[in-house]
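Each chain is listed here by its residues.
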Amino acid sequence: VADLLAPGPSCKSVTDLYAGSSDERALKNRSLAEIEREYPMMCFCAEGGPKRPCRLTGEGHGGRVPIRTKLMWSWPVFGWYALKYLKVGWMKKFYIDDYPQASLGIIAFSSVLSVLIDAFTDPIMAVWTDHTKSRFGRRRPFIVASAFFVPFVFILSWTPGVVSPGLPSSLWYAFFHVCDKLADTLFVTPHDAWGAQLTPIYKEKTTIWQWKAIMRMVGTLMGMAIAPLIFVTDQCSSTPDDGCVQIPLISVFFSIVFAEACLQLAYFGKEPAQEEEPTPQDQAAPPQTMPAVEFKYSTSDTVPTLFTTFLNQPFRILLISDVVKAIGYEIPMALLPFMATNVLGEKCMESGTLFGIMVVAGLLGGLVSVPLWTWLTARINKYRAYVVYHVAQVLACFAMSWIDFDDGSCGYTYTSITFVGIFGVAGGGSFLLFDLISDVVDYDELLTGGLRREASYFMTAEFVPKFMQIPGECIPFLLMAYYSYTRPLAQDHRAPCGEGLGAGSGLSPDDFCHAFYTNEVLGEGLCSGTSTCLDLLATGVQFICNDALGECGIKQNDGVRWTLRTCATIFPCICIIGGTVALFYYPKDARSEAVHEELIQSISRRRRGDIVEDPWRRGSYLRPAPAIPGEVEGALSYFLPSDLRP
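Because the structure is predicted, anything quoted here is derived from the model rather than measured.

A. Molecular detail of the pattern of salt bridges. One pass over the full model with this rule turns up 23 salt bridges. A salt bridge links Lys382 to Asp439; the nearest nitrogen and oxygen atoms lie 2.9 Å apart. Of the two residues, Lys382 is situated in helix H15 (residues 382-400) and Asp439 in helix H17 (residues 432-448); the sequence distance between them amounts to 57 residues. With a closest N to O distance of 3.2 Å, Glu551 and Arg494 form a salt bridge. Pair noted here: Glu551 is in strand E2 (residues 551-555) and Arg494 is in the loop between helix H19 (470-482) and helix H20 (509-518), with a separation of 57 residues, a long-range link. Comparing Glu551 with Arg494, the two get one shared label, buried.

B. Broad picture of the confidence of the model for the protein. Here the protein averages 80 in pLDDT, while 81% of its residues score no lower than 70. Per-element mean pLDDT across the protein ranges from 32 in helix H1 (residues 2-5) up to 93 in helix H5 (residues 140-157). Across residues 1-10, where pLDDT falls below 50, the model places 16 contacts with residues more than four positions away in sequence or in other chains. Predicted confidence is poor over residues 628-638, with pLDDT under 50, and the contacts of this stretch with residues over four places away or in other chains come to 27 contacts.

C. Quick look at the nonpolar core. Among the nonpolar cores identified, the biggest contains 131 residues, and Trp80, Leu318, Ile437 and Tyr586 are the most heavily contacted of them. By residue number, the principal contributor to this core is helix H3 (residues 67-97), which donates 15 residues. If near-sequence neighbours (up to four positions away) are discounted, Tyr586 is found in contact with Pro314, Ile317, Leu318, Tyr383, Leu436, Val440, Arg591 and Trp616. Core analysis: the next-biggest nonpolar cluster, separate from the first, contains 14 residues, Ala495, Cys527, Phe543 and Cys552 among them.

D. Layout of the side chain of Arg453. Topologically, Arg453 is positioned in the loop between H17 and helix H18 (454-468). A distance of 2.7 Å separates the side chain of Arg453 from the side chain of Asp444, its partner in a polar contact. Sequence-distant contacts of Arg453, that is, excluding residues within four places in its chain, are made with Asp130, Thr308, Asp444 and Thr448.

E. Just the state of the cysteines, in detail. Applying the stated rule across the entire model yields four disulfides. Paired by a disulfide, Cys348 and Cys410 hold their sulfur atoms 2.0 Å apart. Disulfide Cys348-Cys410: torsion about the S-S bond near 110°, hence right-handed. Of this pair, Cys348 sits in the loop between helix H13 (331-343) and helix H14 (351-380) while Cys410 sits in the loop between H15 and helix H16 (411-427), and the two are 62 residues apart along the sequence. Linked covalently through their sulfurs, Cys527 and Cys533 form a disulfide whose S-S length is 2.0 Å. On the sign convention where negative is left-handed, the bridge of Cys527 and Cys533, at about 100° about the S-S bond, is right-handed. Take Cys527 and Cys533: they sit in the same class, and that class is buried.

F. Structural view of the pairing of strand E1 (residues 542-546). With respect to burial, E1 is a largely interior element, four of its five residues being buried. Bridge analysis of E1 against E2 gives five bridges, and the strand direction is antiparallel. Its bridge partner lying in E2, Gln542 is registered against Lys555. Hairpin remark: E1 followed by E2, antiparallel, with four residues in the connecting loop; positive phi at Gly550, about 70°.

G. Seen up close, the packing of helix H7 (residues 202-231) against helix H8 (residues 246-268). Close contact between H7 and H8 brings their axes to 11 Å; oriented N to C, the two are set at 130°. Considering the angle they form, H7 stands oblique to H8. Of the two possible hands of crossing, H7 and H8 adopt the one that is right-handed. When H7 is examined against H8, the residues Met222, Gly223, Ala227, Pro228 and Phe231 are found in contact with a partner set consisting of Gln246, Ile250 and Phe254. Here the residues of the contact of H7 with H8 are counted per class, giving six nonpolar, two polar and no charged.

H. Broad picture of the packing of aromatic side chains. This model, assessed by the stated rule, comprises 30 aromatic pairs. Taking the centre distance of 5.0 Å and the plane angle of 10° together, the rings of Trp75 and Phe78 count as stacked. Taken as a pair, Trp75 and Phe78 lie in helix H3 at a separation of three residues, close to a single helical turn. For Trp75, a relative accessible area of 26% corresponds to the partly exposed category. Judged by its relative accessible area of 9%, Phe78 is buried. Ring centres 5.7 Å apart and planes at 75° place the aromatic pair Phe338 and Phe477 in the edge-to-face group. Linking Phe338 in helix H13 with Phe477 in helix H19, this pair joins segments that are 139 residues apart in sequence. Three or more aromatic residues joined by ring pairs make a cluster, and in this case those are Trp73, Trp209, Phe434 and Phe458. Above the ring of Phe434, the side-chain terminus of Lys212 is found at 4.4 Å from the ring centroid.

I. Structural detail: unusual backbone geometry. With phi around 75°, Cys410 is a residue other than glycine that occupies positive phi space. We classify Cys410 as buried; its relative accessible area is 14%. Its identity is not glycine, yet Ser484 carries a phi of approximately 65°, on the positive side. Residue Ser484 is classed as partly exposed on the basis of its relative accessible area, which comes to 31%.

J. The environment of Thr207, seen in detail. Inspection of the secondary structure puts Thr207 in helix H7. When the C-alpha positions of Thr207 and Thr374 are compared, they lie 7.5 Å apart, and in sequence the two are 167 residues distant. Reaching out from Thr207, the side chain makes a polar contact with the side chain of Lys70 at a distance of 2.9 Å.

K. Region of the structure containing the packing of H15 against helix H22 (residues 558-583). For the pair H15 and H22, the least separation of the axes is 9 Å and the interaxial angle reads 160°. Considering the angle they form, H15 stands roughly antiparallel to H22. Of the two elements, H15 crosses H22, and the hand of that crossing is left-handed. Contact with H15, carried on its side by Tyr383, Tyr386, Val387, His390, Val391, Gln393, Val394, Cys397, Phe398 and Met400, involves Thr569, Pro572, Cys573, Ile576, Ile577, Gly579, Thr580 and Leu583 of H22 and no other residues of that element. Its residues assigned to classes, the contact of H15 with H22 comprises 13 nonpolar, five polar and no charged.

L. Looking closely at H20. Within H20, the full set of buried residues consists of Pro509, Cys513 and Tyr517. In a view along the axis of H20, the buried residues occupy a sector of 60°, so they form one face of it. Structurally, H20 contributes buried residues whose contacts are with helix H21 (533-538), E1 and E2.

Rules used in this analysis
- Residues numbered from 1 in each chain as written.
- Predicted model: local features only at pLDDT ≥ 70, side-chain atom pairs only at ≥ 80, totals over all residues.
- Heavy atoms only, no water.
- Salt bridge = Lys/Arg side-chain N within 4 Å of Asp/Glu carboxyl O.
- Helix = DSSP H or I, 4+ residues; strand = E, 2+ residues; numbered from the N terminus.
- Buried < 20%, exposed > 50% of the residue type's maximum accessible area, 1.4 Å probe, protein only.
- pLDDT = per-residue confidence, 0-100.
- Contact = heavy atoms within 4.5 Å.
- Core = buried A, V, L, I, M, F, W, Y, C linked by side-chain atoms within 4.5 Å.
- Polar contact = N/O pair within 3.5 Å; in protein donor to acceptor, adjacent residues only side chain to side chain.
- Disulfide = S-S within 2.5 Å.
- Pairing = 2+ DSSP bridges.
- Axes fitted to C-alpha atoms, helices over the stretch in contact; angles between N-to-C directions.
- Parallel < 35°, antiparallel > 145°, perpendicular 65-115°, else oblique.
- Left-handed = near helix turned anticlockwise from the far one by under 90°.
- Nonpolar A, V, L, I, M, F, W, Y, C, P; charged D, E, K, R; others polar.
- Phe/Tyr/Trp six-rings, centres within 6.5 Å; stacked < 30°, edge-to-face > 60°.
- Lys NZ or Arg CZ within 6 Å of the ring centre and 35° of its normal.
- Arc of directions from axis to C-beta.

Okay, here's the thing in structure tokens:
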């Protein structure tokens, strides 16, 4: 136990790890001059150095990333997640239950279509940004483009009022849902890749992704809970007879914040500038004598990129774990508004308010727990902390499966808020995956002899799990339709109820609502323009009094309610368990900070032409990388090693 909890070696700054000049080759490492060129967003101020210490830094940064720089890089994440989770938390319910009256089938189909389109764009973007050569850097051009494209998509996606309800609104949702995936590709892939190249220091990488996690949770909290709770009424959730102005205005505000943050990062952020240079192949022979195969195949194409990332064993384990977990991980958040309305009900609290409070509880729990996960990472290393994160998620998810209909006593309501808060605390360690992948990118640099392919790895880590999220995006809604999900009653057809109503007849509030709707006059249309109240009763729907609102409503049939409970709690729990099991196959030699520092040193030695031992696979040695690739290297990169064996 003492060995497990003992903190490993730590480099407080880059000067602890790298030599001071090109003449000081301790451990055959790179010089500080080289590091300054490769990591330009680190600050090298120090007492007695050429650059005086910055304010509030004491002895100076000495080769660390200043907090202001971490904030500048992570600030666009706030706007992105505010926009994203404003959409995740409110858009489907708005399109289904409110004015648009969108089709559940088209919404489910658009989720599949968007992922399929994403399958083509994500790898292209990763290869594009990794191999961009310009004086502006590899990531900056895409961040600038995101500043304009992302606001365009999110603002217009909230304005289906320009088309008619029904099929036109359904197609409007589908089109902008696809555009949302394109916006995700344009911004997230280059931005994450930029973060992975900010510093080579093991523990400082953790703080980089910690800041992203903080901005992600604050942005999600603002977009999904606080802003809607303050400014949004049922006009945008359950009153089909009017429009929705409040959420589009919130979307405009967060879009402006996002655009400003992206442009600020693009203007003040620094990258290693890359000019267009002749490739080694071009230098080896005139263009007219180059073999035709060189123009036909490339190691930077989509298929070789996916192959080479998957062949990286530590990354393959992380990817398999994330893929299994991703099958059900996003479902609880997508179904939370339906859980609040249709599982817990509105006898204790209005569903919109309850949903907002649960979101606040979950996100505040996650936000508060980020420093705890950072401390745990420094204490027991990234890998062990990531395993603990999975175990905590399983326990929290299992606890949420006990949520059931609240009869007005508020016991289940308050318990659900507590459980969601615990789930948020467990989820605060989600940034550890990116922290581990940034180390894997360093390992890839060693294996490839100097290539930095941050975007390719981060793209693959998000690209493959997206396919596995299709069930979570589609199946719950298809099952809800199969079990005859019923939309809320129209606002002007909700009869008032409560303790004072129906008292003379001896009826309880629930019995009063049941009697009111079962005695519907033919053609009155109390429940729907297409179905009578008796038709709804035949599907298992019950008419009850929503005490928190003082008006009658519906209680979904058991099939719909069990679908929501199972999909939102039990199924994700099983998926996370599968992801946890996969992590135990992560290479043992890749789990400590000391080995990572040895990895950094091996990268430098291989650059200088030494034969080095692979620190993550003891007993395996790497020759110096060839200066000019072989004639058919591009073609061979389209095959797995197993495909080439006789």
